[in-house]
Amino acid sequence: MITRRDFLRSAGGVTVLALSPAGRGVFAAPRSFDGPRLPLFTTLPYIQPGSGSLLREGEESTVVAWQTQVGDADFVVDFGPSEGYGRTAACEHRSRVSGRGGDGEPRINWTATIGGLGPGQEYFYRVHGSGKRLAEGGLSSGLRRRRRISFVAFCDNSYGDISDRAIAYHTYRQNPDFVMNCGDNVYESGTENEYQRYFFPVYNADVAGVRLGAPLLRSVPFYTVVANHDVQDKDPNGHEVADFTRNPDALAYYTAMHLPLNGPDAPTFPTPTMGPAERVAAFRASAGNRFPRMANYSFDYGDAHFLCLDSNRYVDPNDSALQAWMARDLSTTDALWKFVVFHHPPFNVGNEHYEVQHMRVLSPLLEAHGVDIVLSGHEHNYQRSRPLKFKPDSAGRSADVGGKDRRVPGAFTVDRVFDGISNTRPDGVLYIVTGAGGKHLYDPGFTDHPARWTHADDRDVAYVAKMVTDRHSLSVFDIDGPSLTMAQIDEAGQELDRIVVTKAPRRRS
Ligand SMILES: [Fe+2]
């Protein structure tokens, strides 16, 4: 029997049939005698989770997406449970621009939504154009409850550097069901042009290699969150903003990604934009209802629920509307495991971003709703907390929207019995910083020096159990019913850390 992972591996290994490099960052389809000359591809086909999120029969979906230069095309996506395909998805397209300066170069973002799926459905897909087979891959909708799942988390990728490629390769070797990229997918400003140069070529490389990257995105869905390097420009007050004067192709997060649209329709603190009205309007037309809604969303996969948030500095997490939505989301899921994902870590003892603590005010809410693990990045290293509970003394500086010092002092209750080996039932939330996904590392001297893993402003409470700062790494999660294993793997494939977390088995209904 072919397992699902074998299926994805084989599909990922043979994907591109007919698109060949035709210059820097562009790919050409073969000439056809019986159809129009197709425009050059600027992003090879990749899959995205789409808006299905609750593992309901008939409501799951997957999006196949790619980008081309401007030109006529007659693209069609075939899909089906075997390489006989059998069904066809209509292709839609939206205009977008790429590149700095002026109005940018025009591009077209193409999508084919494969909807009406049930959980755990596996399909082959094939992109056709001008009568030719152009690309193919495999996809699966989210796995249903009681199915063992694995996923990889990392973030703070870089400029497509060798470190990014090694992380992509070791991610591929894990055969994950999906990837959770916890923000800062590219540097410097989250533009279309940067995604095309640094993101897609690495995580959707044609072949897998430690110095090349891997063919992940064509068969493995990436979830992600909007982070500071998606909104890197500054307004006149020095606050984060997407400036369409400087970057007409800003906010690629909202145009390249296709994630669930079940968050607040109109967030109180949406991603801010500035610049010429016509450029902002063109971006909004390209993003459609994904902007600003896709800043916050949730989804289920196997026995786990994931709540993904925008933690950028323009957000005040004290916002009652946000907290009400979070409470509703976390209290209505029946998933055994609850993850919350956002970019800025509430608890972190590094030197770079220690003060950016505004998300700490959410800790009581997360504890009240039984959240197991919080995944973040921003600090370019690996930090695993002990299970902890946190009671803020007050809102502190958490509401100082735009500020860098967002400190929130409070009282810690740390579970020092849990060790992830023989004591595997945590009393509190595990906060994981997995920000060593490619960018230059912070505090490389902290590895193996637990005496440095505290901070005087937190009264030197030893809430960090493990910290590795001198190498890039990724987090590998395996969830098998009431047992969860997390292993931290470095860019050479060596295991740096491993914990097991268990809980009482789910009662059979
Ligand atoms: Fe960051």
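No experiment lies behind these values; they were computed from the predicted model shown.

Conventions and cut-offs
Residues numbered from 1 in each chain as written. Predicted model: local features only at pLDDT ≥ 70, side-chain atom pairs only at ≥ 80, totals over all residues. Heavy atoms only, no water. Helix = DSSP H or I, 4+ residues; strand = E, 2+ residues; numbered from the N terminus. Rg over C-alpha atoms; globule rule 2.2 N^0.38 Å. Buried < 20%, exposed > 50% of the residue type's maximum accessible area, 1.4 Å probe, protein only. Contact = heavy atoms within 4.5 Å. Lys, Arg positive; Asp, Glu negative; His and termini not counted. Charge placed at Lys NZ, Arg CZ, Asp CG, Glu CD. Pairing = 2+ DSSP bridges. Right-handed = clockwise from strand over helix to strand, strands pointing away. Salt bridge = Lys/Arg side-chain N within 4 Å of Asp/Glu carboxyl O.

A. Examining the overall build of the protein more closely. The helix and strand inventory of the protein stands at seven helices and 30 strands. Taking 2.2 N^0.38 as the reference for a compact globule, 509 residues should give roughly 23 Å; the C-alpha atoms of the protein span a radius of gyration of 22 Å, in line with that estimate. Taken over the C-alpha atoms alone, the protein extends approximately 75 × 60 × 40 Å along its principal axes. Split into buried and exposed, the 509 residues of the protein put 60% on the buried side. At a minimum sequence separation of 6, the contacts of the protein that also span at least 24 residues come to 74%. Separation between the mean location of the 55 positive side-chain charges and that of the 61 negative ones in the protein comes to 3 Å.

B. Inspection of unusual backbone geometry at higher detail. Omega for the bond connecting Tyr-187 with Glu-188 falls within 30 degrees of zero, at 20°, which places this linkage in the cis form. As for its position among the elements, Glu-188 is in the loop between strand S12 (178-181) and helix H3 (192-203). Cis peptide bonds are those with omega within 30 degrees of zero, and the linkage from Phe-291 to Pro-292 qualifies with 0°. Here Pro-292 lies in the loop between helix H5 (277-287) and strand S19 (297-301). Despite not being glycine, Ser-130 has its phi angle at roughly 55°, a positive value. Along the chain, Ser-130 falls in the loop between strand S9 (122-129) and strand S10 (132-140). At Arg-459, a residue that is not glycine, the phi angle is positive and equals roughly 50°. Position of Arg-459 among the secondary structure elements: in the loop between strand S26 (430-434) and strand S27 (464-468). With relative accessibility at 58%, the residue Arg-459 sits in the exposed group.

C. Broad picture of the pairing of S12. With burial as the criterion, each face of S12 is covered, one bearing Phe-178 and Met-180 and the other bearing Val-179 and Asn-181. Two elements, strand S11 (residues 149-154) and S12, share four bridges in a ladder whose sense is parallel. By the bridge assignment, Val-152 is partnered in S12 with Val-179. Between S11 and its parallel partner S12, the chain crosses via helix H2 (residues 162-173), and the hand of that crossover is right-handed.

D. Structural context of the pattern of salt bridges. Summed over the entire model, instances satisfying the criterion amount to 24 salt bridges. For the salt bridge of Arg-145 with Asp-300, the shortest nitrogen-to-oxygen distance reads 2.7 Å. Residue Arg-145 is located in the loop between S10 and S11, and its partner Asp-300 is located in strand S19; the two are separated by 155 residues in the primary sequence. Accessibility expressed as a relative area gives 6% for Asp-300, which makes it buried. The salt bridge involving Arg-218 is made with Asp-206; its shortest N-O contact spans 3.2 Å. Here the residue Arg-218 occupies a position in the loop between strand S14 (213-215) and strand S15 (222-224), and Asp-206 occupies one in strand S13 (residues 204-209), the gap between them amounting to twelve residues. For Arg-218, a relative accessible area of 1% corresponds to the buried category.

E. Up close: the environment of Leu-212. Mapped onto the secondary structure, Leu-212 falls in the loop between S13 and S14. Given a relative accessible area of 41%, Leu-212 falls into the partly exposed group. Taking the C-alpha atoms as reference points, Leu-212 and Phe-154, separated by 58 residues in sequence, lie 18 Å from one another. Apart from the residues within four sequence positions on either side, Leu-212 is in contact with Arg-165, Pro-201, Val-202, Ala-205 and Val-207.

F. Structural detail: the sheet that holds strand S18 (residues 273-274). Judged by pairing direction, the sheet is mixed, and its three strands sit side by side in the order S16-S17-S18 without closing on themselves. The sheet is open, and its two borders are formed by strand S16 (233-234) and S18, each paired with just one other strand. Relative to S18, strand S17 (residues 240-243) is paired through two bridges, and the arrangement is parallel. Bridge pairing in S18 links Asp-243 to Met-274.

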